[in-house]
Amino acid sequence: MIRKIPANARHKAEHDWLTTYHLFSFAMYFDRGNMNFGALRVFNDDYIDGENGFGAHSHDNMEIITIVHKGTLTHQDSMGNTGTIGKGEVQYMSAGTGVTHAEVNREKEQIHLYQIWIMPDKQNLTPQYYQKDFSDAPKNILVPVASGQKLEGAISIQTSSTIYISQLESGKTIRNNLENDRGLFIYIKEGGLIINGKEFEKEDQARIMDEPEIIIKTLNGAEFIAIDVPMKLPI
């Protein structure tokens, strides 16, 4: 089963300094039928204006992954980590027993990023932080950037899920096998895809279950993110 959710079905929220598209219920947007996709709880497509951002706030018991597409994000947290995350970098923070952090755009240009929350396999784990640059990732494959499935090159996270990025050139195809009781979430950043014969355009979502083989094609090129998650909630 492949469920297509078009770009215009995303929930748009505009604040003084933030334009965000919530793909699942978040903050003031609540839809009981759109709370999560398996262990994937939050996916926000965020645009943060210059010299603004998220001040110090706290989380617990959530795996939080941020992927920066444009601009530079400045990070600070209660674990003592400080620094910046730029285009092509992936940031991982396991909130575990509790962590406070701030994510601010100190530059003048707007930042574009994805904010992803995945439920951990266990509660009250020790908080962790890591970041890695994937700007030179190879094309025409699924590149694992964060995984709890021991995939080479990926940031190790505390959930049996995997986040992939992919840049697919015109006419190329990727094949992927999906195990029982798992789902694959796909969100298109640029271009268009044909997934098992079904067409998707920029900023559309595919929520896929019970499809043992997934064939992902593009006619004119595409850039997208894919998230493989257990469908049975871990906690």
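Reading the values: the criteria
- Throughout this document, residue positions are counted from 1 along each chain, in the order its sequence is written.
- Owing to the predicted nature of the model, reporting of local features is limited to residues with pLDDT of at least 70; listing and counting of side-chain atom pairs is limited to 80 or more, with chain, interface and lining totals taken over all residues.
- Computation of side-chain values covers all heavy atoms of the structure but excludes hydrogens and water.
- Helix and strand labels come from DSSP, where a helix needs a run of H or I of at least four residues and a strand needs a run of E of at least two; each type is numbered from the N terminus.
- The rule is simple: take the accessible area with a 1.4 Å probe, protein chains only, and divide by the maximum for that residue type; under 20% is buried, over 50% is exposed, in between is partly exposed.
- His is not counted, nor are the chain ends, whereas Lys and Arg count as positive and Asp and Glu as negative.
- Counted as salt bridges are all cases of a side-chain nitrogen of Lys or Arg within 4 Å of a carboxyl oxygen of Asp or Glu.
- Throughout this description, a polar contact denotes any pair of N or O atoms lying within 3.5 Å of each other; where both atoms belong to protein, one of them has to be capable of donating a hydrogen while the other can accept it, and for residues adjacent in sequence the pair is counted only when both atoms sit in side chains.
- By the convention used here, residues are in contact when the closest approach between their heavy atoms is within 4.5 Å.
- For two strands to be treated as a pair, DSSP must find no fewer than two bridges joining them.
- Of the two site types, the cavity is a set of points on a 1 Å grid over the protein atoms alone where a 1.4 Å probe fits but cannot get out, and the pocket is an open set with protein on both sides within 12 Å along at least five of seven lines, each lined by residues with an atom within 4 Å of a point.
- Grid points are joined across faces, edges and corners, and a volume is the space filled by probe spheres set on the points.
- In this classification, Asp, Glu, Lys and Arg are treated as charged, Ala, Val, Leu, Ile, Met, Phe, Trp, Tyr, Cys and Pro as nonpolar, and every other residue, Gly included, as polar.

Draft legend 1. Representation of the side chain of E89. By secondary structure assignment, the location of E89 is in strand β9 (residues 89–94). Buried charge E89 goes without a salt bridge, the closest partner of opposite sign being K132 at 11 Å. Among the polar contacts made by the side chain of E89, one reaches the side chain of Q131 at a distance of 3.3 Å. Those residues within four positions of E89 in sequence are excluded, and the remaining contacts are T66, I67, V68, T84, Q131, K132, D133 and F134.

Draft legend 2. A look at the pattern of salt bridges. Enumeration according to the criterion identifies eight salt bridges in this entry. Here R10 makes a salt bridge to D45, at a shortest N to O gap of 3.7 Å. Remark: D45 occurs in strand β4 (residues 40–48) and R10 occurs in the loop between β1 (2–5) and β2 (11–14); sequence separation between them is 35 residues. We classify D45 as buried; its relative accessible area is 1%. Across the pair E203 and R10 runs a salt bridge whose closest N-O atoms are separated by 3.1 Å. Of this pair, E203 sits in the loop between β19 (198–200) and β20 (205–209) while R10 sits in the loop between β1 and β2, and the two are 193 residues apart along the sequence. Summarising the burial analysis for this pair, E203 and R10 share the class buried.

Draft legend 3. Main features of the pairing of strand β13 (residues 143–147). For β13, the tally of buried residues reaches five of five residues, placing the bulk of the element in the interior. Examined bridge by bridge, β13 and strand β15 (residues 162–168) share four bridges and lie antiparallel to one another. Within β15, the residue paired with V143 across the bridge is I165. Across two bridges, the pairing between β13 and strand β14 (residues 155–156) is parallel.

Draft legend 4. Summary view of the layout of surface pockets. What the largest pocket holds in volume is close to 430 Å³. For the lining of the largest pocket, the residue count by class is 10 nonpolar, five polar and four charged. Its volume calculated, the second largest pocket comes out at about 350 Å³. What lines the second largest pocket is a set of 26 residues, and nearest its centre among them are F26, N44, D46, F54 and Q115. Only β2, β3 (18–22), β4, β5 (52–59), β6 (63–70), β9, β10 (99–105) and β11 (111–118) provide two or more residues apiece to the lining of the second largest pocket.

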